[in-house]
Structures are given as structure tokens and as C-alpha cells.
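Tertiary structure, described
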Number of protein chains: 2
Amino acid sequence: MPRADAQRNYDRLLTVAETAFREHGIDAPLERIARSAGVAVGTLYGHFPNRRTLLGALLRERNEALFELGDRLLAESADDALERWVRAVTEHAAAYQGLAAELVGGADDEASELHASCVRMMRIGEDLVARARAAATIRPDVRGEDVFALMNAAAWLRGAGSAAEADRIVDFALAGMRP
Amino acid sequence: MPRADAQRNYDRLLTVAETAFREHGIDAPLERIARSAGVAVGTLYGHFPNRRTLLGALLRERNEALFELGDRLLAESADDALERWVRAVTEHAAAYQGLAAELVGGADDEASELHASCVRMMRIGEDLVARARAAATIRPDVRGEDVFALMNAAAWLRGAGSAAEADRIVDFALAGMRP
DNA sequence: TTATATTTCGAGGGTCCCTCGACTTAACCT
DNA sequence: AGGTTAAGTCGAGGGACCCTCGAAATATAA
């Protein structure tokens, strides 16, 4: 079990990092985060050896919720399950600027911290695609990677341009995926 | 008319910057570019007050070619004009990592260096969309902004993920835009 | 050749990255 | 309560990069 002060600092760092990443993207300066948390840089690096680790910790809770939704959608087997999944993940990946890039990169980078969660996200997407294909609500040549790519591209667009425009692109792409 | 040495350095800087941006994205360190060009940092900043100016100069020739194609497509009035435009601009915006973000940002940032070229790109896109709508080869609710957003999102995906996947997304979105 | 306007140079102050040895302290033991 | 010590914290420091600005160099024209 960690020492009390360590635990306190860890929590503070996470809290501060969350708002920093949300407001300035995942490249927000770590030194500033440490300072904001009332802690020396070394302490931050003690808890999180690199920016990825910090991001990973930050995403843990968020991912829980997402995967829960995914499992629920798989259980429900509603017609709009895939679409709801796409919208949810898009919003998730747009939480911090730069996150979408990390996700597409992490998906096929075995060594990445986020690899596991990327794989799980893709797995859920694939299952939903398979189901939609079985129900003939989607073109048979649509692959899991396609929805993964779509979600991330849309998430990027949210951060770079407008959220509304990103949603429209998702609309068009989803329409194009229907038979 | 510029002094001979100035001209020489200007050209060298552009050449070096081109490969630097192509290989490392538009955030490639300017100090390294200057060094590669055999020039001091101050000289680089003398020619290009900021990174944007350098990018702008680099894009000038490239843009010429693109706009020429756009005008040609508008003159031809072939059925696949819009699609060819989308593919061409996607490739253009994927020339350097980070360029797509600059373009979507510059489109509605009056002060941006690239604003003019963004506007022109959008204008061509809008004209092609209008024509496609008139020919009923596209859904009537598709707007010029939509194709602009699509192109940039796809360009981003090219840099972040795979080019093939980006093309597939474009395929789906274009399919979804048809009536 | 000389004068000068242009251009170049690079040190320097700022931010950020990350490391590592010295210091501090929470927690456990008697 | 006081001592011990492993766990945790600190922050200077070296490296990369940003950008500026006064001093030095030089291309060009008279």
C-alpha cells in the first residue's frame, strides 16, 4: 500500500492533469501540471514515468464506462446499436485533443500503453459490425477497422473543426455503409 | 530585387524545409532546418517571421497546381468531377502531417496566412457540389463545408493511420452523399 | 573604392523535456 | 515517544527548441 503523501500527490496530479489535457490537449506541459498540483517535476515523473502512463491512468475510468456501454449494446442487440457505439466512441476519443491520434496509433502498436483498450474497442466494434451484417443493416464489405477509423477521424474533426461538422461526416459515412 | 545571397538562402531554406516538413510534419524544428540549410537561425527568421509564413511559401506552388485542377474540373463538368476533387485535395492536405489541421483552422480564421487558399478551395468545392446537386448526383442537403471537412478528416487519417483506410472512409462518405 | 543598405550571425533569455543524487518524512518497531 | 529506514520528494542541470536583437559582415551601387 502506498504512503499517504504519495497517494495524495497521485490523486492531485490526476485531477490537475485531467483539466490540463481537456483544456490544452494531451501535449499540455507536464511541468505546468506538476506546478499546478503543488508538486515538483520529479514527483510527477516518479508516479508517471512518461506522458503516456499519465494518459493511460486518466483513461482508465473513462474506458470502464465505455466498455460497459459496449457490452450493454452487444447484449441489447438493438438495430441502432452500431450507430450509438460510433457516436459514443467518437465523443470519447474527442475528450482530449490528440487522443484520437494516440488511439489510431496505439491500435496496431503492440508496445503502446493503450493497446489493450484499443483492441477491446475494436473488438466490440467488430462484433457490432458482424451483427449488423447478419441483420443486413450494413453493407457486407464494411469491416471493423472501417468504423474504428471513422470514429477517430470524426473525433479529430471535433477537436480541429466543429463538433456539428464531425457529426455530419459520421452521418454521411454511416449512410454510405448501409446496403 | 533581393540580394544574391539572400535569394540563395531563401531557396535553400525552402528546399530543406520541404523535406523536413514532409518527413517530420509541419512541427519539424526550425533550428534544425536552418542548420541543414547551412544558415543561422536568425537568417531563417529574417526570411520567414514564423512557421506559418514558411508553410505558406512552401504551399504556394503546390496550391497553384491544385487550383488549376479545380478550374479544369469545373470546366470539364464530368460526372466524377467532385469525387476527383475530393481525392486530389485529400492527397494535397496529407502532404505534411499537421497540414490538415492547419487548413481546417485557417478556413474560418480570417487572420491566417492560408485563409485565402482555404477559401478558394472551399469555393471550388462548393461550385462542384452545386453542380452535382443540379445533376442530381448528390443529396440536396450536402454542403460545401461537408466535403471540405471530409477531405481534411481523410487527410488526417492518412497521416495518422493508413492511406488505404482513409480512402475507404472517403468511399463510404461519398456513397452516403449520393441520393 | 568607398559608402551604405541589406543580410547574416549567434549569444541569450524563455519554456519544456527528463534524470538523478541529496534530502525529507511517513510508518513501523521497540 | 524516539529511532530506523524504506519510500517518496525535491529541484538543479543538461539538452532541445523557440524567437529576438544588436553587432558584424557583405553585396551592390555610386
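Residues numbered from 1 in each chain as written. Chains lettered and ligands numbered in written order. Predicted model: local features only at pLDDT ≥ 70, side-chain atom pairs only at ≥ 80, totals over all residues. Heavy atoms only, no water.

**Focus on the overall build of chain A**
Broken down by element type, chain A carries nine helices and zero strands. Shown N-terminal to C-terminal, the secondary structure of chain A runs as helices and strands in the order α-α-α-α-α-α-α-α-α. Structurally, chain A occupies a C-alpha span of about 55 × 35 × 25 Å along its principal axes. In chain A, the share of contacts with a sequence separation of at least 24, taken over all contacts with a separation of at least 6, comes to 68%. Split by element, the accessible area of chain A, about 8700 Å² in all, is 49% carbon and sulfur. (Helix = DSSP H or I, 4+ residues; strand = E, 2+ residues; numbered from the N terminus. Contact = heavy atoms within 4.5 Å. Areas by Shrake-Rupley, 256 points an atom, 1.4 Å probe, with all protein chains shown as cover.)

**Structural notes on the protein's contact with DNA strand D**
For DNA strand D, the set of nearby residues contains 21 residues, the closest of which are A:Arg3, A:Asn9, A:Gly42, A:Thr43 and B:Tyr45. Here A:Ala40 contributes a backbone N or O atom positioned 3.0 Å from a phosphate oxygen of DNA strand D. For DNA strand D, a phosphate oxygen lies 2.7 Å from a polar atom in the side chain of A:Thr43. Counted by class, the surface near DNA strand D contains nine nonpolar, four polar and eight charged residues. (Near = heavy atom within 4 Å. Polar contact = N/O pair within 3.5 Å; in protein donor to acceptor, adjacent residues only side chain to side chain. Nonpolar A, V, L, I, M, F, W, Y, C, P; charged D, E, K, R; others polar.)

**Some points on the interface of chain B and chain A**
One frequently used descriptor of interface size is the decrease in accessible area upon assembly of the parts. Tallying the contact residues gives 24 residues for chain B and 24 residues for chain A. In total, about 2000 Å² of surface goes out of reach between chain B and chain A, with carbon and sulfur atoms giving 72% of it. Between chain B and chain A we count four salt bridges in total. Residue A:Arg143 is joined to B:Glu165 by a salt bridge in which the shortest nitrogen-to-oxygen separation is 3.1 Å. At the junction of chain B with chain A, the criterion picks out six residue pairs in polar contact (both at pLDDT 80 or more). Those elements that provide at least two residues to the side of chain B that touches chain A are helix H6 (99–107), helix H8 (144–160) and helix H9 (163–177) of chain B. Per element, the largest residue contribution to the side of chain B that touches chain A is nine residues, and it comes from H8(B). Here the residues of the side of chain B that touches chain A are counted per class, giving 15 nonpolar, two polar and seven charged. (Buried area = accessible area lost by both parts, 1.4 Å probe. Salt bridge = Lys/Arg side-chain N within 4 Å of Asp/Glu carboxyl O.)

**Digging into the relation of the copies chain B and chain A**
Once chain B has been moved 0.0 Å along the axis and rotated by 180°, it coincides with chain A to within an RMSD of 0.0 Å. Taken together, the turn and the small shift mark the pair as related by a two-fold rotation axis. When the interface residues of chain B are mapped onto chain A, 100% of them again lie at the interface, so the same face is used by both copies. (Least-squares fit on C-alpha atoms with pLDDT ≥ 70 in both.)

**Structural notes on helix H9 (residues 163–177) of chain A**
If you check H9(A), its first and last C-alpha atoms are 21 Å apart, about what 15 residues at 1.5 Å a residue would give, namely 21 Å. Lining the buried residues of H9(A) we find helix H5 (81–93) and helix H8 (144–160) of chain A together with H8 and H9 of chain B. (Expected span 1.5 Å × (residues − 1).)

**So, the pattern of salt bridges**
Scanning the entire structure with this criterion turns up 28 salt bridges over all chains. Close ionic contact of A:Glu18 with A:Arg22 constitutes a salt bridge, the shortest N to O distance being 3.0 Å. Of the two residues, A:Glu18 and A:Arg22 are both situated in helix H1 (residues 4–24); the distance of four residues between them amounts to about one turn of the helix. Residue classification places A:Glu18 among the buried residues on the basis of a relative accessible area of 19%. Its relative accessible area of 46% is what places A:Arg22 among the partly exposed residues. Residues A:Arg52 and A:Glu102 are paired through a salt bridge, measuring 2.9 Å at the closest nitrogen-oxygen approach. Of the two residues, A:Arg52 is situated in helix H4 (residues 51–76) and A:Glu102 in helix H6 (residues 99–107); the sequence distance between them amounts to 50 residues. Beyond isolated ion pairs, a larger network of salt bridges with shared partners links A:Arg143, A:Asp146, B:Glu165 and B:Arg168. (Buried < 20%, exposed > 50% of the residue type's maximum accessible area, 1.4 Å probe, protein only.)

**Here we look at the domain arrangement of chain A**
Residues and elements named next belong to chain A. What the domain assignment reports for chain A is domain 1 (1–49) and domain 2 (56–177). Relative placement of domain 1 and domain 2: their C-alpha centres are 28 Å apart. With nine residues of domain 1 in contact, the opposing surface of domain 2 contributes nine residues. A buried area of about 680 Å², summed over both sides, lies between domain 1 and domain 2, and 72% of it is on carbon and sulfur atoms. (Domains from an automatic or database assignment.)

**Quick look at the protein's contact with DNA strand C**
Around DNA strand C lies a shell of 20 residues, among which A:Tyr45, B:Arg3, B:Asn9, B:Gly42 and B:Thr43 are the nearest. The protein-proximal atoms of DNA strand C, defined as those within 4 Å of the protein, are 71% sugar or phosphate. A:Ala4 is positioned with one of its backbone polar atoms (N or O) 2.9 Å from a phosphate oxygen of DNA strand C. Take A:Glu31: an N or O atom from its main chain is 3.2 Å from a phosphate oxygen of DNA strand C. For the surface near DNA strand C, the elements supplying multiple residues, two or more each, are H1 and helix H2 (30–36) of chain A together with helix H1 (4–24) and helix H3 (41–47) of chain B.

**Re the packing of H5(A) against H9(A)**
Residue and element names in this part refer to chain A. Interaxial distance between H5 and H9 falls to 12 Å at its minimum, and their mutual angle equals 150°. With respect to their mutual orientation, H5 and H9 come out roughly antiparallel. Pair H5 / H9 crosses with right-handed handedness. In contact with Glu83, Val86 and Arg87 of H5, H9 contributes Asp167, Val170, Asp171 and Leu174. A class-by-class count of the residues in the contact of H5 with H9 yields three nonpolar, no polar and four charged. (Axes fitted to C-alpha atoms, helices over the stretch in contact; angles between N-to-C directions. Parallel < 35°, antiparallel > 145°, perpendicular 65-115°, else oblique. Left-handed = near helix turned anticlockwise from the far one by under 90°.)

**Some thoughts on the side chain of A:Ser117**
All names here are of chain A. When you line up the elements, Ser117 lands in helix H7 (residues 115–134). You can call Ser117 buried: its relative accessible area is 14%. At 2.9 Å, the side chain of Ser117 and the backbone oxygen of Leu114 are in polar contact. The contacts of Ser117, once residues within four sequence positions are left out, are Asn63 and Phe67.

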